[in-house]
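A look at the structure
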Amino acid sequence: MEGPSSRSPASKDGAPWSAARRDSGGAGDCDPARDVKTHFRVCRFIMETGVKLGMRSVPVATACVLYHRFFERVSMRAYEPYLVAMSCVYLAGKVEEQHIRTRDIINVSHRYFNSGSAPLECDKEFWDLRDSVVQCELLILRQLNFHVSFEHPHKYLLHYLLSVKSLVNRHAWSRTPVAETSWALLRDCYHGAMCICHIPQHIAIATLYLALNSYGVELPVGEKEWWQVLCEDVTKADIDAVISDLLQLYDMEAKCI
């Protein structure tokens, strides 16, 4: 199949997906640090676009995983990341049964890069871009062998939060935004490939662990650590590995500003 980025129209506004097919380049063009920054920015685009489209947290997470899984298999030199991201949002809506119209995705993406601009007219540029999004969706499906349903940490974090809440003094719990912080940390995990490098239960435990430690919330001491009770196969090393990757993402965020 022809790469979708080769079909992207020459846009009047210079949006990133308007570039012609990328040069595949050689080994010398590979810059892992630059790629990580690009993936961070594109995943932030996915999340902000998802919010504007009214998507739930799980479909947005699925879109991010689709994006990371795709570029785990192909070179970023071959395909336009923002076009891939738009197609991931479109496909994630189908996978998670929250269908989003391509027109809405295109217009929200257009406004993301052109603040205050009017929606795109239904001209040749719009239809060419819509065709590119659909073609790219098919490419993603083929690259992932149609394995597009993923297990996310969200359900585990919800269970762990309810369990931990029952162990904490309710006044102490109400004074500290442990739950809100845990969900925010979980969302941030999807900015990088760490969301596909660690198993969902470990990510959920690690984000809760970090949130509790950040606010100095202590849990009753028993024969086992609280995180061992909630998830038998997790180790302190697993938790530290997730937190380390997350802190690296925050360092990356500072460099991307």
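Up top you'll find the structure we're talking about.
The structure reproduced in this document is the subject of the present report. (Residues numbered from 1 in each chain as written. Predicted model: local features only at pLDDT ≥ 70, side-chain atom pairs only at ≥ 80, totals over all residues. Heavy atoms only, no water.)

Here we look at the environment of R103
On the secondary structure map, R103 appears in helix α4 (residues 102–113). Between the C-alpha atoms of R103 and R130, which are 27 residues apart in sequence, the distance is 7.4 Å. Ignoring sequence-local partners within four residues, the contact set of R103 consists of L120, C122 and F126. (Helix = DSSP H or I, 4+ residues; strand = E, 2+ residues; numbered from the N terminus. Contact = heavy atoms within 4.5 Å.)

A look at a nonpolar patch on the surface
Taken together, the side chains of L158, L162 and W183 define a hydrophobic patch exposed on the protein surface, amounting to about 290 Å² of accessible area. You can see W183 is positioned in helix α8 (residues 178–189). (Patch = residues over 30% accessible without salt bridge, like charges linked within 9 Å, V, L, I, M, F, W, Y side chains within 5 Å. Areas by Shrake-Rupley, 256 points an atom, 1.4 Å probe, with all protein chains shown as cover. Salt bridge = Lys/Arg side-chain N within 4 Å of Asp/Glu carboxyl O.)

Some details on the packing of helix α6 (residues 154–165) against helix α10 (residues 200–214)
If you want to describe how two helices pack, look at the angle between their axes and the distance between the axes. For the pair α6 and α10, interaxial distance at closest approach is 9 Å and the crossing angle is 40°. Here α6 is positioned oblique relative to α10, judged by the angle of their axes. Relative to α10, α6 is oriented so that their crossing is right-handed. Every residue of α10 that contacts α6 at Y156, L157, Y160, L161 and V164 is listed here: P200, Q201, A204, I205, T207, L208 and L212. Split into classes, the residues belonging to the contact of α6 with α10 amount to 10 nonpolar, two polar and no charged. (Axes fitted to C-alpha atoms, helices over the stretch in contact; angles between N-to-C directions. Parallel < 35°, antiparallel > 145°, perpendicular 65-115°, else oblique. Left-handed = near helix turned anticlockwise from the far one by under 90°. Nonpolar A, V, L, I, M, F, W, Y, C, P; charged D, E, K, R; others polar.)

Looking at the side chain of Q98
By secondary structure assignment, the location of Q98 is in the loop between α3 (81–95) and α4. Beyond its immediate chain neighbours, meaning those up to four positions away, Q98 contacts G54, M55, R56, P59 and G93.

With respect to α6
Given a rise of 1.5 Å per residue, 12 residues ought to cover 16 Å, and the 16 Å separating the end C-alpha atoms of α6 matches this to within 8%. The complete set of buried residues in α6 reads H154, Y156, L157, Y160, L161 and V164. For α6, the angular spread of the buried residues around the axis is 155°, confining them to a single face. Relative to its buried face, α6 has exposed residues pointing more than 90 degrees away, namely K155 and L162. Considering only its buried residues, α6 is in contact with α2 (57–73), α7 (170–175), α8, α10 and α11 (226–230). (Expected span 1.5 Å × (residues − 1). Buried < 20%, exposed > 50% of the residue type's maximum accessible area, 1.4 Å probe, protein only. Arc of directions from axis to C-beta.)

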